[in-house]
Number of protein chains: 2
Amino acid sequence: MRNAARVVVFLFAVMVAASTAAAGTDALPSWNDGAAKSAIIAFVQTATDKASMKFVPPEQRIAVFDNDGTLWASHPMYVQLAFALDRVKELAPAHPAWKNEQPFKAVLEGDLETVMAGGEHALLEIIMATHAGMTTDAFSQIVLDWLATARHPKTGRLYTEMVYQPMLELLAYLRANGFKTFIVSGGGIEFMRPWTERIYGVPPEQVIGSSIKTKFELRDGASVLVRLPEINFIDDKAGKPVGINQHIGRRPVATFGNSDGDIEMLQYTDSGKGAHLEMLVLHDDARREYAYTGDTKVGRLCKGLPLAKERGWQLISMKNDWKTIFPEE
Amino acid sequence: MRNAARVVVFLFAVMVAASTAAAGTDALPSWNDGAAKSAIIAFVQTATDKASMKFVPPEQRIAVFDNDGTLWASHPMYVQLAFALDRVKELAPAHPAWKNEQPFKAVLEGDLETVMAGGEHALLEIIMATHAGMTTDAFSQIVLDWLATARHPKTGRLYTEMVYQPMLELLAYLRANGFKTFIVSGGGIEFMRPWTERIYGVPPEQVIGSSIKTKFELRDGASVLVRLPEINFIDDKAGKPVGINQHIGRRPVATFGNSDGDIEMLQYTDSGKGAHLEMLVLHDDARREYAYTGDTKVGRLCKGLPLAKERGWQLISMKNDWKTIFPEE
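Residues numbered from 1 in each chain as written. Chains lettered and ligands numbered in written order. Predicted model: local features only at pLDDT ≥ 70, side-chain atom pairs only at ≥ 80, totals over all residues. Heavy atoms only, no water.

Undergrad: Just checking my understanding: could you explain the overall build of chain A for this structure?
TA: Counting secondary structure elements, chain A contains 13 helices and 7 strands. For 329 residues, the compact-globule estimate of 2.2 N^0.38 gives 20 Å, and the C-alpha radius of gyration of chain A, at 22 Å, lies within 12% of that figure. For chain A, the spread of C-alpha atoms along the three principal axes comes to 75 × 55 × 40 Å. Here chain A holds 329 residues, and 51% of them are scored as buried. Once local pairs closer than 6 in sequence are excluded, the contacts in chain A between residues at least 24 apart make up 65%. Total accessible area computed for chain A in this model is approximately 14900 Å², and 55% of it derives from carbon and sulfur atoms. Between the mean site of the 35 positive side-chain charges and the mean site of the 39 negative ones, chain A shows a separation of 6 Å. (Helix = DSSP H or I, 4+ residues; strand = E, 2+ residues; numbered from the N terminus. Rg over C-alpha atoms; globule rule 2.2 N^0.38 Å. Buried < 20%, exposed > 50% of the residue type's maximum accessible area, 1.4 Å probe, protein only. Contact = heavy atoms within 4.5 Å. Areas by Shrake-Rupley, 256 points an atom, 1.4 Å probe, with all protein chains shown as cover. Lys, Arg positive; Asp, Glu negative; His and termini not counted. Charge placed at Lys NZ, Arg CZ, Asp CG, Glu CD.)

Shown next as structure tokens:
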């Protein structure tokens, strides 16, 4: 027993030391002191304080994050669009007609302006030609293979290296305080799931996104799901609270976005009764990332800014609130 | 330090005692020794054994359970149908025309035969009249209020007391071994979510089911989701693997069902590469529950039985494998 006791005393000392260290440690080292960081910490303290009127029981600690522009860079082009354009080029040899068929012709000629001029219809054609027709397992592998080599046009880094370091810390900080973290993105659910666990610590079952329909099939005795060229759900704007309810079945208490597509899920969170937090990332750092928030041409946060003021939603300035943007190389 | 050391030695002794007790404890006390119980234990031992070729990493330990007839009694009538019929009676004063309008007339007259003769169309009308038109929050409360008093026609017990004790133990045993437990039911997702956490330990975000569409709305500044009389998804048969993929994004490694509606999700699990387990509950205990499996009239497991034999899926005989059926009163 004496040896066991010694071991335990040692373990106890380690535990005390660790807990002291934890209390003194900054869980958000990439965040500058300021209103944004203070709002996060105050929210977590209130939500986890049993004595508070606004205490949030652990099972209700649901935090949702938009992905594009909130967790990773999505400029000058959504990463999934870059993927789709690359896929068109990859698949072109098997589709000789594409050389004379829009929007594929423009994609193959690198004429992005013509592609974009085709609007939603052109994009949908590109998505269906590149995202459907294979099994879910095959698509997952195609995404992983592409992400392993595709690089951002400005920084030359892998897209998965262009995630925001302060948001990685925020995800971990929330989880350490009993929150379940979800992604709620307008992007494709199956485009995100293969890598979100490794990159963000968010498992596939906590990813919500837009989707196409799938069909169950037996092929040579093995069961597969085949991806069909038919929209199933668009997880954007008023679709975000709908998607949240479908997948989670609870009202989130913390919501993070960066664009007008996130307004409704911030509103959904804002109607909660206990502690709740709504934040919007501002792309205002032309030097270290981009400055396009509020730009009426490429800006994706227009209606959201006056609403944020009216509702007291907390803004996150990439320029002022973040010490670093991306993880160290 | 001496006092702290004493406390820690005591804690250590408690831990050792607890772990010894755990090793000697039967995690499935309501299961008789036999092939079913052995299959469960062998599967969990293989899946959690790092030295095994069929080891399943913790994040891939997804177990899915059908609900009606697998986790709780669903005879002589699906509980949700009993709920819908009661709701028709409750709402009738506000719908005087129902007195002369089928299928409502038959419901109000207690003429279940005529209701059922109306087939899927009649059921859909009843579902939409009773499940749509209110907010998701309001519907959740309606379900809870009904379940608090509605009773099974044969036993007189609350429906939530007619859950299968051996399956409660199985859910807990899997979770204790690092599995995430999900419900995958043909029943309504919003009909289950309000109570599955309390009764099964399965939180709303781990419940998959059939659904109607919802619409986001701001009402007096508060955000709500309104339930629309329009089918969104039918989580049955080939829909089950589709629903599993939509919500979880991984292939389950353990699947439990009881009817032909569960076959495709058993097949989906059966194609996995590591350890996997497929089980079907047989309703063969007329004395303690019901004996209707294989009955071609009310039986819901017909195609499944020969398939189980062919594929080596493990059957669970309520009569032989379960010591007790329902929790003690």
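Undergrad: Teacher, can you tell me more about unusual backbone geometry here?
TA: The phi angle of most residues is negative, glycine excepted, and most peptide bonds adopt the trans form. Residue A:Pro76 follows A:His75 across a cis peptide bond; omega there is 5°. A cis amide bond links A:Gln102 to the next residue, A:Pro103, at an omega of 0°. Along the chain, the position of A:Pro103 falls in the loop between helix H3 (79-91) and helix H4 (104-108). Even without being glycine, B:Lys237 reaches a positive phi, approximately 50°. Its place among the elements puts B:Lys237 in the loop between strand E4 (222-233) and helix H10 (239-247).

Undergrad: It is not clear to me how a nonpolar patch on the surface should be interpreted in this structure. Could you clarify?
TA: Residues and elements named next belong to chain A. Taken together, the side chains of Leu-124, Ile-231 and Ile-234 define a hydrophobic patch exposed on the protein surface, amounting to about 240 Å² of accessible area. Tracing the backbone through its elements, the reader meets Ile-231 in strand E4 (residues 222-233). For Ile-231, a relative accessible area of 33% puts it in the partly exposed group. (Patch = residues over 30% accessible without salt bridge, like charges linked within 9 Å, V, L, I, M, F, W, Y side chains within 5 Å. Salt bridge = Lys/Arg side-chain N within 4 Å of Asp/Glu carboxyl O.)

Undergrad: Teacher, can you tell me more about the sheet that holds strand E2 (residues 180-188) of chain B here?
TA: Two pairing modes exist for strands in a sheet, parallel and antiparallel, and in both the strands are linked by backbone hydrogen bonds. All names here are of chain B. The strand order across the open sheet built from 7 strands is E4-E3-E2-E1-E5-E6-E7, with neighbouring strands paired in mixed fashion. Of all strands in the sheet, those with a lone pairing partner are E4 and strand E7 (314-317), marking the two edges. Within this sheet the neighbouring strands show an average axis-to-axis angle of 35°, counted without direction. Across 8 bridges, the pairing between strand E3 (residues 207-219) and E4 is antiparallel. The residue bridging Lys-215 from the neighbouring strand is Val-226, located in E4. (Pairing = 2+ DSSP bridges. Axes fitted to C-alpha atoms, helices over the stretch in contact; angles between N-to-C directions.)

Undergrad: Any chance you could explain the relation of the copies chain A and chain B here in plain terms?
TA: Copy one and copy two of the chain differ by a rotation about an axis and a translation along that axis. By a simple turn and slide, chain A fits onto chain B: the slide is 0.0 Å along the axis, the RMSD is 0.0 Å, and the turn is 180°. In short, the pair behaves as if placed about a two-fold rotation axis. In this assembly the copies share their binding face: 100% of the residues contributing to the interface of chain A also contribute to that of chain B. (Least-squares fit on C-alpha atoms with pLDDT ≥ 70 in both.)

Undergrad: Would you explain the interface of chain A and chain B in this entry?
TA: A common way to express how large an interface is: the accessible area buried when the components associate. Chain A puts 43 residues into the contact, and the matching count from chain B is 43 residues. The contact between chain A and chain B buries some 3500 Å² in all, and 54% of this surface belongs to carbon and sulfur atoms. Where chain A touches chain B, the interface holds 8 salt bridges. Between chain A and chain B we count 26 residue pairs in polar contact (both at pLDDT 80 or more) in total. (Buried area = accessible area lost by both parts, 1.4 Å probe. Polar contact = N/O pair within 3.5 Å; in protein donor to acceptor, adjacent residues only side chain to side chain.)

Undergrad: Sorry if this is basic, but what is going on with helix H6 (residues 119-131) of chain B here?
TA: Each α-helix turn comprises 3.6 residues. Residues three or four places apart therefore point the same way. Residues and elements named next belong to chain B. When the terminal C-alpha atoms of H6 are compared, their 18 Å separation across 13 residues agrees well with the 18 Å that a helix rising 1.5 Å per residue should span. When H6 is considered as a whole, its buried residues turn out to be Ala-122, Ile-126, Met-128, Thr-130 and His-131. Within two residues after H6, Gly-133 carries a phi angle of roughly 100°, on the positive side. (Expected span 1.5 Å × (residues − 1).)

Undergrad: Looking at this structure, how should I read the packing of aromatic side chains?
TA: The description of an aromatic ring pair uses the distance of the two centres, along with the angle that the planes make with each other. Counted according to the given criterion, the structure contains 28 aromatic pairs over all chains. Seen from their ring centres, B:Trp195 and B:Tyr200 are 5.5 Å apart, and the 55° between their planes marks the pair as tilted. There is no split in this pair, since B:Trp195 and B:Tyr200 are both buried. Of the aromatic side chains, those joined through ring pairs into one cluster are A:Phe83, A:Phe139, A:Trp146, A:Tyr159 and A:Phe191. A:Lys154 extends its terminal NZ or CZ atom over the ring of A:Tyr290, reaching a point 4.4 Å from the ring centre. (Phe/Tyr/Trp six-rings, centres within 6.5 Å; stacked < 30°, edge-to-face > 60°. Lys NZ or Arg CZ within 6 Å of the ring centre and 35° of its normal.)

Undergrad: What is the right way to read the pattern of salt bridges from this model?
TA: When their charged atoms lie close together, side chains carrying opposite charge are able to pair. What the rule picks out here adds up to 32 salt bridges over all chains. A salt bridge links A:Glu217 to A:Lys215; its shortest N-O distance comes to 3.8 Å. Of the residues examined, A:Glu217 reaches a relative accessible area of 24% and is grouped as partly exposed. The closest approach of N and O atoms between B:Asp66 and B:Lys240, which form a salt bridge, is 3.0 Å. With a gap of 174 residues between them, B:Asp66 in the loop between strand E1 (62-65) and helix H3 (79-91) and B:Lys240 in helix H10 connect regions that are remote in the sequence.

Undergrad: Would you mind going over the nonpolar core with me for this structure?
TA: As a rule of thumb, nonpolar side chains are buried together in soluble globular proteins. Within the largest apolar cluster, 55 residues are counted, with the highest numbers of intra-cluster contacts made by A:Met167 and A:Tyr200. Going through the elements one at a time, helix H2 (35-47), strand E1 (62-65), H3, helix H7 (136-147), helix H8 (165-176), helix H9 (189-200), strand E5 (254-257) and strand E6 (277-282) of chain A are the ones with two or more residues in this core. For A:Met167, the contacting residues outside a window of four places in its chain are A:Trp31, A:Phe65, A:Thr70, A:Leu71, A:Phe256, A:Val281 and A:Trp322. In this structure, B:Val79, B:Phe139, B:Met279 and B:Phe326 belong to the second largest nonpolar core, which totals 53 residues. (Core = buried A, V, L, I, M, F, W, Y, C linked by side-chain atoms within 4.5 Å.)

Undergrad: Looking at this structure, I do not really get the sheet that holds strand E3 (residues 207-219) of chain A. What am I missing?
TA: All names here are of chain A. Taken together, the 7 strands give an open sheet; going across it, the order is E4-E3-E2-E1-E5-E6-E7, and neighbouring strands pair in mixed fashion. Strands at the two margins of the open sheet, each flanked by one partner only, are E4 and strand E7 (314-317). Averaged over all pairs of adjacent strands, the angle between their axes in this sheet comes to 35°, without regard to strand direction.

Undergrad: Looking at this structure, I do not really get the side chain of B:Asn245. What am I missing?
TA: The topology assignment puts B:Asn245 in helix H10. For B:Asn245, a relative accessible area of 5% translates into the label buried. At 2.7 Å, the side chain of B:Asn245 and the side chain of A:Glu190 are in polar contact. Contact partners of B:Asn245, with chain neighbours within four places excluded, come to A:Thr136, A:Glu190, A:Arg193, A:Thr214, A:Leu225 and B:Tyr268.

Undergrad: So what exactly am I meant to see when it comes to the environment of B:Arg288 here?
TA: Residues and elements named next belong to chain B. Within the secondary structure, Arg-288 is located in the loop between strand E6 (277-282) and helix H12 (304-311). For Arg-288 and Met-318, which are 30 residues apart along the polypeptide, the C-alpha to C-alpha distance reads 8.8 Å. When residues no more than four places from it in sequence are discounted, the contact partners of Arg-288 are Met-318, Lys-319, Trp-322, Lys-323, Thr-324, Ile-325 and Phe-326. Engagement of the side chain of Arg-288 in a polar contact is seen with the side chain of Asp-285, the distance being 2.7 Å. A polar contact is formed between the side chain of Arg-288 and the backbone oxygen of Trp-322, at a distance of 2.7 Å.

Undergrad: Explanation requested: H12(B) in the structure shown.
TA: All names here are of chain B. Restricting attention to buried positions, one finds in H12 the residues Gly-304, Leu-307 and Ala-308. Along the axis of H12, the buried positions cluster into a sector of 105°, meaning they face one direction only. Exposed positions of H12 whose direction lies more than 90 degrees from the buried face are Pro-306, Lys-309 and Glu-310. Immediately beyond the C-terminal end of H12, within one or two residues, lies Gly-312, with a positive phi of roughly 75°. (Arc of directions from axis to C-beta.)

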